[in-house]
Amino acid sequence: MVVLVSGSGTNLQALLDAVEAGGVEGYGARIVAVGADRAGIEGLARAERAGIPTFVRRVPEYASRAEWDLALTEATAAYEPDLVVSAGFMKIVGQEFLARFGGRLINTHPALLPSFPGAHGVRDALAYGAKVTGCTVHFVDEGVDTGPVIAQGVVEILDEDHNDGGAALHERIKEVERRLLVDVVGRLSRDGYRIEGRKVRLRDE
Ligand code: GRF
C-alpha cells in the first residue's frame, strides 16, 4: 500500500508496527511508499526512520488543483500499490486520482459518518452536543467523506471534553482509530473484498 499523510502520522505508525510485527505474510500488506501534501511533518519522518520511500506534492507548487492531482496520482502510481490509505491526509483528491485508485482508496475519518464529515469532525460532534462519536474507515468516492463504510468504532463524549476544545476526545478517538485501521487494512489485504453499492463485503460476509 501507499499511505498518504499530512501530520503526525500516528495512524501510519500503527500500520508500520503491524507490518513489522506480523511480517508481510502474517499481516497481509506492506507499505511501499508514504506520500504527503507538505514537507517537514512527523509522518514523513516516521517513514524515513522505517526506511520507506517518501514523496511530497504541495498544492501551491502547481498551476491548478487538477495539475496537483495529476502529480499526486503519478507519484503514487509509480509504486504500483494495490491499496492507497489516506491516514490523516487533509486534502480531497481529484478526478484523476479517483479514476486510478477508486475502489482501492480508503480513508479514516474521526467521526461516525455520515455525521460530521469534513475537516473538523471532532470539533463539530462536540459542538453539536453529541453523546457518542468515533471513527469511520471508508472507501473514498467523489464526495467528502461519503464513500462506502468499511468499519466504525464508537467513543463516548465526556462532559470534560467541552473544556479543551476536543483535544482529549480526539486522542481517545485516535486510539480506537489506529486499531480499527490496522484491522481493516489487514483484513482487506488478506481476505479480499467486494464493494456492492454501499455495502463492503469482506470474505465470508
Ligand atoms: C486522524 O484522527 C484522522 O482521522 C484525522 O487526522 C488524524 C490524523 O492523525 N483526519 P495522525 O496524523 O495519524 O496522527
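Coordinates for the structure precede this section.
Since the model is a prediction, treat every value here as computed from it, not as a measurement.

Draft legend 1. Quick peek at the packing of aromatic side chains. Applying the stated criterion across every chain yields a total of five aromatic pairs. For the ring pair tryptophan 68 and phenylalanine 89, a centre distance of 6.5 Å and an interplane angle of 15 degrees mean the geometry is stacked. Taken together, the residues tryptophan 68 in helix α3 (residues 65-77) and phenylalanine 89 in the loop between β4 (84-86) and α4 (95-101) connect sequence positions 21 residues apart. A residue is classified by how much of its surface remains accessible, and phenylalanine 89, at 5% relative accessible area, is buried.

Draft legend 2. Seen up close, helix α2 (residues 42-49). For α2, every residue scored as buried is listed here: Gly43, Leu44, Arg46 and Ala47. The buried side chains of α2 occupy one side of the element, clustering within an arc of 155 degrees when seen end-on. Exposed side chains of α2 directed beyond 90 degrees from the buried face belong to Glu48 and Arg49. Those residues of α2 that are buried are in contact with β1 (2-5), α1 (10-27), β2 (33-36) and β3 (54-56). Just downstream of α2, glycine 51 is the residue with a positive phi angle, here 75 degrees.

What counts, and at which threshold
- Residues numbered from 1 in each chain as written.
- Predicted model: local features only at pLDDT ≥ 70, side-chain atom pairs only at ≥ 80, totals over all residues.
- Heavy atoms only, no water.
- Phe/Tyr/Trp six-rings, centres within 6.5 Å; stacked < 30°, edge-to-face > 60°.
- Helix = DSSP H or I, 4+ residues; strand = E, 2+ residues; numbered from the N terminus.
- Buried < 20%, exposed > 50% of the residue type's maximum accessible area, 1.4 Å probe, protein only.
- Arc of directions from axis to C-beta.
- Contact = heavy atoms within 4.5 Å.

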